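Coordinates in review
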Amino acid sequence: MDFRSLQYFVTVAQELNFTRAAEKLQMSQPPLSNQIRALEEELGVRLFIRGKRRLTLTDAGGLLLQRSVQMLEMAEKTRRDLSSLGNELSGTICLGMVEGRAPYLAARWIAGFREEYPLVRYELWNGSSDDVLDQLHRGLADLAVIAAPYDMEHLDGFVVGREPWVAMISRAHPLAALPGTEIPLSSLVGQPLIVPRRRSRVEAIRQWFAGIGAEPDILCEMSNYMDAVALAEQNVGISIFPQTTYTPNAHVVSKLITQPPKQAEYVLVWERSQRLQTTLVREFIGYVRDFIEADLIHTPRFQVREPEFLLPEDAPRL
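Residues numbered from 1 in each chain as written. Predicted model: local features only at pLDDT ≥ 70, side-chain atom pairs only at ≥ 80, totals over all residues. Heavy atoms only, no water.

1. Some thoughts on a negative patch on the surface
This is how the line gets drawn: Like-charged residues are merged into a patch within 9 Å and nonpolar side chains (Val, Leu, Ile, Met, Phe, Trp, Tyr) within 5 Å, provided each residue has over 30% relative accessible area and no salt bridge. Computed with a 1.4 Å probe, the accessible areas rest on the Shrake-Rupley method; for each residue, only the protein chains presented here act as cover. Think of a salt bridge as a Lys or Arg side-chain nitrogen and an Asp or Glu carboxyl oxygen that are within 4 Å of each other. Asp and Glu are treated as the negative residues and Lys and Arg as the positive ones, with His and the ends of the chain left uncounted. Working definition for charges: the position is that of NZ of Lys, CZ of Arg, CG of Asp or CD of Glu. To qualify as a helix, a DSSP run of H or I must reach at least 4 residues; to qualify as a strand, a run of E must reach at least 2; elements of each kind are numbered from the N terminus.
On the surface, a cluster of negative charge is contributed by E116, E283, D290 and E293. Per element, the largest residue contribution to the negative patch is 3 residues, and it comes from helix α9 (residues 279-293). Its location among the elements puts E293 in helix α9.

Structure, rendered in structure tokens:
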């Protein structure tokens, strides 16, 4: 079982048609069919159920597809990492990020790092903290920006940003018409709430409300910030999320949650057991450390221009 055979198998599994797969691979159909048959014989399992018009993956085929995609991604990442070991710093940094503030923080790091190392390329993607950590644990990402807390036993990292928790309210909702830019937590009691989909987050929100002797009415859990904005816009419920960089929306009002306020922390993390980190990844981590320590985000080069809510530095983390 080599990488070429796996690539053939993945293409057939994705197309579920030998003719289309052969065209995509720029080869004739008989050799491709022979390669798949040989792979089945080598593994001792049936990978496809061959129908008259199309193929269907067996359970074994579905498992092999999942593992093959991972192995091919890892092979490509290894190739890129090896290319970064030359004399001039180059290669690709794979960075997973949660939505919200994280992409805007990463954009500023990359802008500065690119001035020093113009040959470096980047592979960026978004997901929930759990999704991002899964990619990190499988070796498909070098680094990740997630929301605290995190597994300090297996991950190294440091805080790269903080932001307050806010309530996103439809302009059609009576609470949106209240004066000021703040809203006490007690005003959200009894309101249908949309909250981040993460077990530790949901539990923390329940404890937050318990602190004022109440229970949150959680209508929906989701990981996508923009989806939470969309639901708030349609007055489905009030979205409680960390404040992200300002996204204009004439139909939504954001108010800082107070009494008591809470803040979210973003951390840059990597696998503690990853002893073979490339020079490129180590340089990038070092750059981000310097960026944070020098507070470069508040310099004219990286100034955040969007309006932001301010809250006490000692506000508890949620």
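2. Considerations on unusual backbone geometry
Just so we agree on the cut-off: Burial status follows relative accessibility: with a 1.4 Å probe on protein chains alone, a residue under 20% of its type maximum counts as buried, one over 50% as exposed, and anything between as partly exposed.
The residue after A148, namely P149, is reached through a cis peptide bond having omega 5°. Residue position: P149 is located in the loop between β5 (143-147) and β6 (155-170). Here Q259 and P260 are connected by a cis peptide whose omega angle stands at 5°. Looking at the element boundaries, P260 is found in the loop between β11 (252-258) and β12 (263-271). Its identity is not glycine, yet N235 carries a phi of approximately 60°, on the positive side. For N235, the position within the fold is in the loop between α8 (225-233) and β10 (238-242). Taking the relative accessible area as the measure of exposure, N235 reaches 35% and is therefore partly exposed. With a phi angle near 55°, Q259 is a residue other than glycine that sits in the positive phi range.

3. Points about the side chain of E265
Spelled out, the test is: Pairs of N or O atoms within 3.5 Å make up the polar contacts considered here, provided that, within protein, one atom can donate a hydrogen while the other can accept it, and that residues adjacent in sequence are counted only when both atoms are side-chain atoms. The contact criterion used throughout is that any non-hydrogen atoms of two residues lie within 4.5 Å.
Among the secondary structure elements, E265 is positioned in strand β12. Judged by relative accessible area, E265 falls into the buried class, the value being 12%. Of note is the side chain of E265, whose polar atom sits 3.3 Å from the side chain of R162. When near neighbours in sequence (up to four residues on either side) are disregarded, E265 contacts I146, A147, A148, V159, G161, R162 and R317.

4. Things to note about helix α2 (residues 18-25)
Here is the rule we go by: Summarising the geometry, the arc corresponds to the directions from the helix axis toward the C-beta atoms.
Taken together, the buried positions of α2 are F18, A21 and A22. Buried positions in α2, seen along its axis, are confined to an arc of 100° and lie on one side of it. Turned more than 90 degrees away from the buried face of α2, the exposed residues are E23 and K24. Against α1 (3-15), α3 (29-43), β1 (48-50) and β2 (55-57) lie the buried residues of α2. The backbone nitrogen of T19 lies 2.9 Å from a side-chain oxygen of the residue at the head of α2, namely N17. Of the residues one or two after α2, Q26 is the one with positive phi, at around 55°.

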